[in-house]
Amino acid sequence: MSDQILGVIPARYASTRLPGKPLALIGTKPMIQWTYHHASLSKSFHRLVVATDDKRIHEVVLSFGGESVLTSPDHPTGTDRIIEVAEKYPNYGIIVNIQGDEPGMEATLIDGVVGLKIKHRNWEMATAAVPFTEAEDSKDPNKVKVVFDRNGRANYFSRSPIPASFKGDAKYFRHLGIYAYERDFLMNYNQLPASDWETVESLEQLRALQNGSTIGVYLSDKANLGVDSPADLEVVIAEFKRKGLI
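As the structure is a prediction and not an experimental result, all values here were calculated from the model.

## Observations regarding the nonpolar core
At step 1: Ranked by size, the top nonpolar core spans 30 residues in total, and within it Leu6, Val8, Val85, Ile95, Met125 and Phe157 carry the most contacts.
At step 2: With four residues, the single largest contributor to this core is helix H3 (residues 78–88).
At step 3: Valine 85 has contacts with Leu6, Val8, Val49, Ala51, Val69 and Thr71, leaving out every residue within four places of it along the chain.
At step 4: Ranked by size, the runner-up nonpolar core spans 27 residues in total, among them Ile32, Val96, Ile98 and Val130.

Rendered as structure tokens:
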């Protein structure tokens, strides 16, 4: 069981709501460069690569000194893309998936997720969540909600508000786009039986839960916004300006 940790940033050019999203400019730099830069500040990785099916993204990553792997354009899910990359790097025991549309991903959050996974090598996966702010709409299906037990293990993920505010106001936690996988589990992920939860929610991680696997949840007190739409991009640009990054 290797302790070496591989960070992978999947980046697709195609996006329904924001085509070419990884190359969208934030200041003078493309989003994928910001994501790579902030991920590289993590103390956890022994290696960090971008996984993309697009030569334009591949060449941009190489141009700023990052490491990039061209993958098949036929993968139905991001997990499939991660598996292809993991096959190329067999000596890494933990594989971490950082979404390419998380340009402000905090290194401390990455280290928290990886630390949780290292602490619980018997848990197949680890991920992260953050409390909803008052400004966020829990009914927004693009903001995935998660509920977890007192030991930090996920019970369910949903695009609907969970738990329901049937009696009183529920506290909601927003799922963040980062996963740390135990290598053997990841390499056999596609062998898991199909999940009707995954189908109806369109959330890959539910396949793991419905098949009895454990997903640990690292709880952060804050997190920067990911980019799902042009409106999100404008919010991120404004935040980067406020912080003096651009």
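Next comes the rest of the account.
## Focus on the packing of aromatic side chains
At step 1: Within this structure, the stated rule accounts for eight aromatic pairs.
At step 2: Aromatic pair phenylalanine 185 and tyrosine 189: ring centres 5.6 Å apart, planes at 85°, arrangement edge-to-face. Grouping residues by exposure puts phenylalanine 185 and tyrosine 189 together as buried.
At step 3: Seen from the ring of tryptophan 34, lysine 29 lies directly overhead, with NZ or CZ sitting 4.8 Å from the centre.

## Describing the layout of surface pockets
At step 1: Counted as a void, the largest pocket has a volume near 1,500 Å³.
At step 2: The wall of the largest pocket is formed by 44 residues, among which Lys21, Gln99, Asp101, Arg159 and Asp228 lie closest to the centre.
At step 3: It is strand S10 (residues 173–182) that contributes the most residues to the lining of the largest pocket, six residues altogether.
At step 4: Considered class by class, the residues forming the lining of the largest pocket number 15 nonpolar, 16 polar and 13 charged.
At step 5: Glu106, Lys222, Ala223, Asn224, Leu225, Val235, Val236, Glu239, Phe240, Arg242 and Lys243 are the residues that line the second largest pocket.
At step 6: When its residues are assigned to classes, the lining of the second largest pocket shows five nonpolar, one polar and five charged.

## Quick word on the pairing of strand S4 (residues 47–52)
At step 1: The element S4 is largely enclosed, with a buried count of five among its six residues.
At step 2: Sheet topology note: the strand S1 (residues 5–11)/S4 ladder contains six bridges and is parallel. Bridge assignment links proline 10 to a residue of S4, and that residue is alanine 51.
At step 3: As paired elements, S4 and strand S5 (residues 68–70) share three bridges and run parallel to each other. Paired with valine 50 across the bridge in S5 is serine 68.
At step 4: Handedness of the β-α-β unit built from S4, helix H2 (residues 55–63) and S5 comes out right-handed.

## A short note on the side chain of serine 158
At step 1: Mapped onto the fold, serine 158 is located in strand S9 (residues 154–158).
At step 2: By relative accessible area, serine 158 is classed as buried at 2%.
At step 3: At 2.8 Å, the side chain of serine 158 and the side chain of glutamate 201 are in polar contact.
At step 4: Look past the residues within four positions of serine 158 in its chain and what remains in contact with it is Val144, Lys145, Glu201 and Leu203.

## Re the side chain of serine 213
At step 1: In this fold, serine 213 is placed in the loop between helix H7 (205–210) and strand S11 (215–219).
At step 2: Those residues in contact with serine 213 that lie beyond four places of it in its chain are Glu124, Phe185 and Ala208.

## Examining the pattern of salt bridges
At step 1: If you walk through the whole model with that rule in mind, you get 13 salt bridges.
At step 2: Of the charged contacts, one joins glutamate 136 and arginine 174 as a salt bridge, the two residues approaching to 2.8 Å between their closest N and O atoms. Note that glutamate 136 is positioned in the loop between strand S7 (125–131) and strand S8 (145–148) and arginine 174 in strand S10, a separation of 38 residues in sequence.
At step 3: The class for arginine 174 is buried, based on a relative accessible area of 9%.
At step 4: Of the charged contacts in the structure, one is a salt bridge between glutamate 239 and arginine 242, with a shortest N-O distance of 2.7 Å. With a gap of three residues between them, glutamate 239 and arginine 242 both fall in helix H8 (residues 230–242), about one helical turn apart.
At step 5: Salt bridges sharing partners connect three or more residues here, namely Asp3, Lys117, Arg121 and Glu182.

## Description of unusual backbone geometry
Glycine aside, residues mostly have negative phi, and peptide bonds are mostly found in the trans state.
At step 1: Of note, the amide linkage connecting isoleucine 162 to proline 163 takes the cis form, showing an omega dihedral of -5°.
At step 2: By the element assignment, proline 163 lies in the loop between S9 and S10.
At step 3: At serine 202, a position not held by glycine, the phi torsion is positive, near 55°.
At step 4: Looking at the element boundaries, serine 202 is found in the loop between helix H6 (196–201) and H7.
At step 5: Serine 202 sits in the exposed class, given a relative accessible area of 52%.

Calculation criteria
Residues numbered from 1 in each chain as written. Predicted model: local features only at pLDDT ≥ 70, side-chain atom pairs only at ≥ 80, totals over all residues. Heavy atoms only, no water. Core = buried A, V, L, I, M, F, W, Y, C linked by side-chain atoms within 4.5 Å. Buried < 20%, exposed > 50% of the residue type's maximum accessible area, 1.4 Å probe, protein only. Helix = DSSP H or I, 4+ residues; strand = E, 2+ residues; numbered from the N terminus. Contact = heavy atoms within 4.5 Å. Phe/Tyr/Trp six-rings, centres within 6.5 Å; stacked < 30°, edge-to-face > 60°. Lys NZ or Arg CZ within 6 Å of the ring centre and 35° of its normal. 1 Å grid on protein atoms, 1.4 Å probe; cavity = no way out; pocket = protein on both sides within 12 Å on 5 of 7 lines; lining within 4 Å. Points joined across faces, edges and corners; volume = space filled by probe spheres on them. Nonpolar A, V, L, I, M, F, W, Y, C, P; charged D, E, K, R; others polar. Pairing = 2+ DSSP bridges. Right-handed = clockwise from strand over helix to strand, strands pointing away. Polar contact = N/O pair within 3.5 Å; in protein donor to acceptor, adjacent residues only side chain to side chain. Salt bridge = Lys/Arg side-chain N within 4 Å of Asp/Glu carboxyl O.

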